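Structural description and commentary
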Amino acid sequence: IIKSRDILEAKRDVFFLQHSGYDTHSDNGPLLSEKLAEVNGAVTCFVDELKEQGIWNNVTVITASEFGRTLTSNGLGTDHAWGGNHFILGGNINGGKIFGDFPNDLSEDSPLNIGRGRLIPTMPWEAVWHGVSQWMGLSTDEQLNKVLPNLNRFDRCKMLYDQDLFT
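Residues numbered from 1 in each chain as written. Predicted model: local features only at pLDDT ≥ 70, side-chain atom pairs only at ≥ 80, totals over all residues. Heavy atoms only, no water.

In this section: the pattern of salt bridges. What the rule picks out here adds up to 3 salt bridges. A salt bridge links K3 to E49, with the nearest nitrogen and oxygen atoms 3.8 Å apart. Of this pair, K3 sits in the segment before α1 (5-8) while E49 sits in helix α2 (residues 30-53), and the two are 46 residues apart along the sequence. Residue classification places K3 among the exposed residues on the basis of a relative accessible area of 61%. (Salt bridge = Lys/Arg side-chain N within 4 Å of Asp/Glu carboxyl O. Helix = DSSP H or I, 4+ residues; strand = E, 2+ residues; numbered from the N terminus. Buried < 20%, exposed > 50% of the residue type's maximum accessible area, 1.4 Å probe, protein only.)

Here it is as structure tokens:
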């Protein structure tokens, strides 16, 4: 499909893929290593192909997940939580940065801990999509609020902008 971009007259395309099997609760060691090795291999092949086509600088890859994991054990592993880590990569990404704040207190008394090691994220998920949406050509508040309906629930200083993410 990507090789057909000129024929399709595509300016920007969005592709979604799913890689399931992470909801393990009790097998976070070996299985997680196996799953991440699969992701690494697939992303490496994808990047190599796009570089060969000469379009890597026009591509952005973002990970997404519907849940994070608790910091505490349920006796066999970990349960669903809120905060999580994601990465964004591409030939035009201004990389080598970590956004958000690592909690300075991981105890049960931490203001970010809502119980059982479930941490409130320090940056909304909308922050990344705000910058990516701008990169994709959305520029007005009306456009951004349409594709990010929860945007107004967050302080604008928590948002990432296209210049934060892209060179």
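Next up on the list: the nonpolar core. Within the largest apolar cluster, 12 residues are counted, these being I93, A127, V128, V132, W135, L144, L148, L151, M159, L160, L165 and F166. Per-element accounting of this core gives the leading share, 4 residues, to helix α3 (residues 126-135). The residues touching L151, leaving out its near neighbours within four places in the chain, are E126, H130, L144, N145, R156 and M159. V47, W56, V59 and V61 belong to the second largest nonpolar core, which has 6 residues in total. (Core = buried A, V, L, I, M, F, W, Y, C linked by side-chain atoms within 4.5 Å. Contact = heavy atoms within 4.5 Å.)

Positionally, S107 belongs in the loop between β4 (88-90) and α3. Owing to a relative accessible area of 31%, S107 belongs among the partly exposed residues under this scheme. S107 sits 66 residues away from G41 along the chain, and the two C-alpha atoms are 36 Å apart. Polar side-chain contacts of S107 include one of 2.7 Å to the side chain of D105. (Polar contact = N/O pair within 3.5 Å; in protein donor to acceptor, adjacent residues only side chain to side chain.)

For α2, built from 24 residues, the straight-helix expectation of 34 Å at 1.5 Å per residue is met to within 8% by its first-to-last C-alpha distance of 35 Å. Buried within α2 we find K35, V47 and L50. Taken together, the buried residues of α2 touch β4. Downstream of α2 by a residue or two, G54 has a phi angle that is positive, lying close to 75°. (Expected span 1.5 Å × (residues − 1).)

Let us now look at unusual backbone geometry. Even without a glycine there, the phi angle at E9 is positive, about 55°. Take E9: it is sitting in the loop between α1 and α2. One non-glycine residue, R116, lies in positive phi territory at about 55°. Secondary-structure assignment places R116 in the loop between β4 and α3. Using a relative accessible area of 39% as the deciding quantity, one classes R116 as partly exposed.

Our next topic: a nonpolar patch on the surface. Judged by side-chain polarity, I1, L8 and F15 come together as a nonpolar surface patch covering roughly 360 Å² of accessible area. Examined against the element boundaries, F15 turns out to sit in the loop between α1 and α2. When its relative accessible area of 48% is taken as the criterion, F15 is described as partly exposed. (Patch = residues over 30% accessible without salt bridge, like charges linked within 9 Å, V, L, I, M, F, W, Y side chains within 5 Å. Areas by Shrake-Rupley, 256 points an atom, 1.4 Å probe, with all protein chains shown as cover.)

Residue position: S133 is located in helix α3. Residue S133 is classed as buried on the basis of its relative accessible area, which comes to 9%. Polar side-chain contacts of S133 include one of 2.7 Å to the backbone oxygen of W129.

Turning our eyes to something else, we now look at the packing of aromatic side chains. Inspection of every chain in the model, using the stated rule, returns 2 aromatic pairs. Measuring from ring centre to ring centre gives 5.9 Å for W125 and W129, while their planes differ by 80°; the resulting arrangement is edge-to-face. For W125, a relative accessible area of 34% gives the class partly exposed. In this structure W129 comes out as partly exposed when scored by relative accessible area, which is 29%. Between W135 and F166 the ring centres are 4.8 Å apart and the planes differ by 5°, which places this aromatic pair in the stacked class. With a gap of 31 residues between them, W135 in helix α3 and F166 in the segment after α5 (162-165) connect regions that are remote in the sequence. Judged by relative accessible area, which is 17%, W135 ranks as buried. Note on F166: relative accessible area 7%, which makes it buried. (Phe/Tyr/Trp six-rings, centres within 6.5 Å; stacked < 30°, edge-to-face > 60°.)

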